[in-house]
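# Coordinate inspection notes
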Protein chains: 2
Amino acid sequence: VSGSPAAAPVVLVTGAGGFLGRHCLRALLGRGFDVHAVGRTAPGDPRVGFSPVDLHDAPAVAAVIRGVRATHLLHLAWEVTPGKFWQSPNNLDWVAGTALLVRAFAEAGGRHAVFAGSCVEYDWSVGGVYTEDSPSASRTLYGVCKDATRRVVQSYCGNAGVRWAWGRVFFPYGPGEPADKLVTATIRALKAGRPTRSSAGTQVRDFIHAADAAEAFAVLVDSSVQGIVNVGTGVGTAVADVIRTLGRIAGRPDLVRLGDLPTNPSEPATLVADARRLTGELAWKARFNIADGLRDTFDSSAENPS
Amino acid sequence: VSGSPAAAPVVLVTGAGGFLGRHCLRALLGRGFDVHAVGRTAPGDPRVGFSPVDLHDAPAVAAVIRGVRATHLLHLAWEVTPGKFWQSPNNLDWVAGTALLVRAFAEAGGRHAVFAGSCVEYDWSVGGVYTEDSPSASRTLYGVCKDATRRVVQSYCGNAGVRWAWGRVFFPYGPGEPADKLVTATIRALKAGRPTRSSAGTQVRDFIHAADAAEAFAVLVDSSVQGIVNVGTGVGTAVADVIRTLGRIAGRPDLVRLGDLPTNPSEPATLVADARRLTGELAWKARFNIADGLRDTFDSSAENPS
């Protein structure tokens, strides 16, 4: 009987059934990780292990971490109920759950933890291009809770000898995104022959294809870089240009209507990542520019109407 | 049968059995509150109600809050194991416990919550006199976790319509303080006829008598002031002066020895509260200056040797 080959590192993934989660599973598998999902919903991928466990039950999660000998953690789970998550009191449960999860992970022998943060943590009263050391000052409970959790994670992981990274995601879009989001809602309208419905769309945002964001998280799991890392492309696109591009892709530029909804005056004009940590230190490169990414999302939506 | 008089507001107190907690119970009773303690240890005061409950068991705490119809919360409990609390992983459990506690309190109908923070939350690389908007940047897990929790509390309470205050305690001393703290350790040495043992004692700190700190918390519970409030006197005293004063009070100035221990170079020279919110907006006034406070502590220690 010959010895078994060296085992691949095992990544425990929370939120694996979510929009970014499903893309992250593919990106991690593509890098040769053993992937084990925990949470409520099985990811439905036979290559991915799964333990149904309440993530707020720290001892149960710790037992899974020990059972699968997880060395890495990718923690994506958080409150995401559309329209409600910004101010939902469930954000407090995720502060609590994440604090207990990272402790359980470290004490079960985990060595490297990566967390999904958000560009909402930054101070949006300023707007513009954000570096990772731009001040955090969110107007939302969601952003405050994410930022507070990052502070705890940073201090604790430093003490516990756990390598950590916190990816602040800008504006992800792509196959599988929630139906109320800009790109998917616009595609649905165009395919149904309805006019698009939006503000004037002058806001410039850093849109990132979910597969590219997922690859960024896989790179964070697979590297020794520590700290906060913006997960954005560094390129801003006006919302109006996203809608116009989708109108052209659909062959229905006639359905593009801008300005039917008021522009929210509290929304900053520009929210773009300084992506130099990701592209430089981590050598990440976007696979999709905005036009290709919107085309991919449009085509996927055609293949999987819902 | 005549109607009962209007009920006094009910304050739920965590950490009631701790050093500050015992002083706070007296201060709250003195202001006419009904006081109900929760936690592991009964406060042993017949005027104070008590429910033994694990503070990390949010549903159990919520049941107590509803049962006693608590309108106010004074949350003092946290990790305090001497010598260990600065970097203890238990700080994460208190981040989690506090987030779940404040949610349970608000959802059970609580209207006003007061929390014990710490001057350790401030950036000690600077030193000096701290106002409430001085930057937070603790070097300790304890300070980071307290500060992160305050951020969550501030955002959540704003949403939930709960009045909140966060008292940042400077350097409390007084009857009942842990035996390893400066004042009590010095009193013990002097009473045992041993020389005092300290650094040169040039560090200037804002020492506050525990009864005065407790009165500050009672004022916060009893007022409509919101936000962060320094719980300090605004007066700094050198550690050497504290030791010399105790030597005189003991009648043993000959036992005062300064400089036997090295001065920790990472300790800031001065840590003093700007106490104008407390003394101005809240009209709090210290009962003890440092000499009277040390005398009181010395006398209490004589009455209750341990």
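Since this is a predicted model, take the numbers as computed values, not measurements.

### Focus on the pattern of salt bridges
In this structure the tally under the stated criterion is 30 salt bridges over all chains. Residue glutamate 121 of chain A pairs with arginine 168 of chain A through a salt bridge whose shortest N-O separation is 2.8 Å. You can see glutamate 121 of chain A sitting in the loop between strand 5 (112-118) and strand 6 (128-130) and its partner arginine 168 of chain A sitting in strand 7 (residues 163-169), a full 47 residues away along the chain. Of the two residues examined, glutamate 121 of chain A and arginine 168 of chain A, each falls in the buried class. Among the ionic pairs, arginine 103 of chain B bridges to glutamate 107 of chain B, the shortest N-O distance being 2.8 Å. Of the two residues, arginine 103 of chain B and glutamate 107 of chain B both sit in helix 3 (residues 90-107), 4 residues apart, roughly one turn of that helix. Taking relative accessible area as the criterion, glutamate 107 of chain B reaches 45% and is therefore assigned partly exposed. The network of salt bridges with common partners includes Glu121, Asp147, Arg150, Arg151 and Arg168 of chain A.

### Quick notes on the packing of aromatic side chains
One pass over the full model with this rule turns up 18 aromatic pairs over all chains. Between tryptophan 124 of chain A and phenylalanine 171 of chain A, the aromatic rings sit 6.3 Å apart at their centres with planes inclined by 40 degrees, giving tilted as the arrangement. Here phenylalanine 171 of chain A lies in strand 8 (residues 171-173) and tryptophan 124 of chain A lies in the loop between strand 5 and strand 6, a separation of 47 residues in the sequence. Summarising the burial analysis for this pair, tryptophan 124 of chain A and phenylalanine 171 of chain A share the class buried. Summarising the aromatic geometry, the rings of phenylalanine 85 of chain B and tyrosine 142 of chain B are spaced 4.9 Å apart at their centres and angled 80 degrees between planes, so their arrangement reads as edge-to-face.

### Description of unusual backbone geometry
Residues and elements named next belong to chain A. With a phi close to 55 degrees, alanine 283 is a non-glycine residue in the positive phi region. Within the secondary structure layout, alanine 283 lies in the loop between helix 8 (276-281) and helix 9 (290-303). Look at alanine 283 and you get exposed, because its relative accessible area is 62%.

### Side note on the relation of the copies chain A and chain B
You can overlay chain A on chain B at an RMSD of 0.0 Å; the transform is a turn of 180 degrees with a shift of 0.0 Å along its axis. As the rotation angle and translation indicate, the two copies are arranged about a two-fold axis. Taking C-alpha positions as the reference, the residue of chain A nearest the rotation axis is alanine 96 of chain A, at 1.9 Å. Interface overlap between copies is the fraction of interface residues in one copy that are interface residues in the other; for chain A against chain B it reaches 100%, indicating a shared surface.

### Description of the pairing of strand 4 (residues 72-75) of chain B
Residue and element names in this part refer to chain B. A two-sided burial pattern is seen for strand 4, the buried positions comprising His72 and Leu74 on one face and Leu73 and His75 on the other. Sheet topology note: the strand 1 (residues 10-14)/strand 4 ladder contains 4 bridges and is parallel. Looking across to strand 4, one finds that leucine 12 is bridged to leucine 73. Relative to strand 5 (residues 112-118), strand 4 runs parallel, the two sharing 4 bridges. Within strand 5, the residue paired with leucine 73 across the bridge is alanine 113. Crossover connection from strand 4 via helix 3 to parallel strand 5: handedness right-handed.

### Considerations on the interface of chain A and chain B
For interface size, the figure often reported is the accessible area lost on association. Opposite the 23 residues of chain A that make contact, chain B presents 23 residues. The junction of chain A with chain B conceals about 2,000 Å² of combined surface from both sides, 67% of it contributed by carbon and sulfur atoms. For the chain A face of the interface with chain B, the top three residues by lost area are Leu92, Arg103 and Arg151 of chain A, together amounting to 27%. At the junction of chain A and chain B, the tally comes to 2 salt bridges. The shortest N-O distance in the salt bridge between arginine 103 of chain A and aspartate 93 of chain B comes to 3.1 Å. If you look at where chain A meets chain B, you find 8 residue pairs in polar contact (both at pLDDT 80 or more). Sorting the residues of the side of chain A that touches chain B by element identifies helix 3 (90-107) and helix 4 (141-160) of chain A as the ones contributing at least two each.

Reading the values: rules and limits
- Residues numbered from 1 in each chain as written.
- Chains lettered and ligands numbered in written order.
- Predicted model: local features only at pLDDT ≥ 70, side-chain atom pairs only at ≥ 80, totals over all residues.
- Heavy atoms only, no water.
- Salt bridge = Lys/Arg side-chain N within 4 Å of Asp/Glu carboxyl O.
- Helix = DSSP H or I, 4+ residues; strand = E, 2+ residues; numbered from the N terminus.
- Buried < 20%, exposed > 50% of the residue type's maximum accessible area, 1.4 Å probe, protein only.
- Phe/Tyr/Trp six-rings, centres within 6.5 Å; stacked < 30°, edge-to-face > 60°.
- Least-squares fit on C-alpha atoms with pLDDT ≥ 70 in both.
- Contact = heavy atoms within 4.5 Å.
- Pairing = 2+ DSSP bridges.
- Right-handed = clockwise from strand over helix to strand, strands pointing away.
- Buried area = accessible area lost by both parts, 1.4 Å probe.
- Polar contact = N/O pair within 3.5 Å; in protein donor to acceptor, adjacent residues only side chain to side chain.

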